[in-house]
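Working through the structure, step by step
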Amino acid sequence: MHPLIWGSAMPYRADFGARYALAAARTIVGAGGQVLPDSAVIVNEGMIEWVGPRDGLPLLPVVDLPGGTLMPGFVDAHVHLALDAGSHPIGTMEERSGAELAALMVRNAGTLLMSGVTTARDLGAPASLATEVKKLLATGKAPGPRLAVAGRPLTSPGGHCAVMGATCTSAADLSRAIQAMAAEGVDWIKIMVTGGFMTVGSDPNRPQFTADLVAHAVTEAGRLGLPVAAHAHSPEGIEIAAAAGVRTVEHCTWFEQGALRFVEASAALLAGNGAAVCPTLSPNSCREDGKVPWSARKAHLTAMRALGVALITGTDAGIRNTPFDSYAASLLPLLDLGMSPLDIIETATSVTAEAIGLGATVGTIEPGKAADLVLVAGNPLGDLTRLAAIVLVVARGRAYPLIEEGPHGV
């Protein structure tokens, strides 16, 4: 096992004690359209104890942000902590030792947390690094989000992200890889149904596995209690993933021979199966001059929503030019789909938490759930860019102020 070290100055952590309160002009609960005016939350031993009107608070330490907004911590359903978001992230990953990658992953986790992401799903890292980092962060020895991890993605020899391991050519190969990762303690299985854009020789137009092999992977993972996330770009790959019954489809660009071809029947099958789509939006991916023009993607995402497909939030942080501190900006393109700021915030919290299997623990502000919270200056319901104006992040009840002097009113 590689030694896991933080490797840089740890963000300042405020010690408010085991029991304290946060108060703001409004609390966005995270589901059901609930917004509580002039309200407060009591945190006790890492859990939410009480939510209600500010004037109902008992006497205890209070972090009060007049004019601010309290909400659940954000959920990023697609990150790669082992990548550095540089110009050649896969190549750079190959050059690093296991210990160097572990340190990078912990640093990236800290950056995610400081951007308000208190829960994340890592969908691809070498060896057993993802489970090791998950265990470290759970101890609180280094700051970072609550993690769900998929370990090494299932791929074909020479296929997309083959350098991360778990290359398979047969049903027996898939079973062995899935069983090995289950024994390591992964929460998800990731399968590269099609090729991708970042791996030389890999083709996003074409499936890497037959429909039978993808169905076998889903069955084997299900036997072990593990849901499956499918990387799929092409219409054929998306159809294979939908028919196999995967829990989430990543990217889902409908990319085919340099164009985009939306297939309504496949989207309807995803909706009927209750599968969610993580379109991995980021400021870098939502451009008109890229391989997947935003105008076309916007039309397809709107069509999927109309068919009842649940969209969830994920940035693909770690890939080329997609840093770990851009989560709030990644939500702005959802406005183009006709979603309201409140819809977007609920998608980025409870909807995505539920889709990745953590809805019982995080995603809403209610008693009995984990105290994973974000406090921002201003009102994001009127201006979604205020989601980047983070004053305080709370992870497992531990508070991390993002302004040097600390929040006012402590």
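Please refer to the structure higher up on the page.
Notes on the structure follow.

Conventions we followed
Residues numbered from 1 in each chain as written. Predicted model: local features only at pLDDT ≥ 70, side-chain atom pairs only at ≥ 80, totals over all residues. Heavy atoms only, no water. Buried < 20%, exposed > 50% of the residue type's maximum accessible area, 1.4 Å probe, protein only. Helix = DSSP H or I, 4+ residues; strand = E, 2+ residues; numbered from the N terminus. Core = buried A, V, L, I, M, F, W, Y, C linked by side-chain atoms within 4.5 Å. Phe/Tyr/Trp six-rings, centres within 6.5 Å; stacked < 30°, edge-to-face > 60°. Lys NZ or Arg CZ within 6 Å of the ring centre and 35° of its normal. Salt bridge = Lys/Arg side-chain N within 4 Å of Asp/Glu carboxyl O.

What follows covers helix α3 (residues 129-139). Helical periodicity: at 3.6 residues per turn, an α-helix aligns residues three or four positions apart in one direction. Those residues of α3 that sit buried are Leu129, Ala130, Thr131, Glu132, Val133, Leu136 and Leu137. Glycine 140 sits one or two positions beyond α3 and adopts a positive phi of about 80 degrees.

With that out of the way, let us pick up the nonpolar core. Core analysis: the biggest nonpolar cluster contains 96 residues, and Leu81, Leu154, Ile189, Ile191 and Leu270 have the highest contact counts within it. If you tally residues by element for this core, the top one is helix α2 (residues 98-114), at nine residues. In this structure, Ala14, Tyr20, Leu22 and Ala24 belong to the second largest nonpolar core, which totals 19 residues.

So, on to the packing of aromatic side chains. If you walk through the whole model with that rule in mind, you get four aromatic pairs. Between phenylalanine 197 and phenylalanine 255, the ring centres sit 5.0 Å apart and the planes meet at 80 degrees, which makes this aromatic pair edge-to-face. Pair noted here: phenylalanine 197 is in the loop between β8 (189-192) and α5 (211-223) and phenylalanine 255 is in strand β11 (residues 255-256), with a separation of 58 residues, a long-range link. On the numbers, 4.9 Å between centres and 70 degrees between planes, the contact of tryptophan 254 with phenylalanine 262 is edge-to-face. A relative accessible area of 0% places tryptophan 254 in the buried class. A cation sits over an aromatic face here: arginine 121 above tryptophan 188, 4.5 Å from the ring centre.

Turning our eyes to something else, we now look at the pattern of salt bridges. Counted under the stated rule, the structure contains 14 salt bridges. In this structure, aspartate 187 and lysine 134 form a salt bridge, with 2.8 Å as the shortest nitrogen-oxygen distance. Residue aspartate 187 is found in the loop between α4 (171-184) and β8, and its partner lysine 134 is found in helix α3; the two are separated by 53 residues along the sequence. Note on aspartate 187: relative accessible area 25%, which makes it partly exposed. In this structure, a network of salt bridges that share partners links the residues Asp38, Arg54 and Asp64.

Even without glycine at this site, alanine 127 takes up a positive phi of about 50 degrees. Position of alanine 127 among the secondary structure elements: in the loop between β6 (117-122) and α3. Even without glycine at this site, histidine 251 takes up a positive phi of about 80 degrees. With respect to the helices and strands, histidine 251 occurs in strand β10 (residues 248-251).

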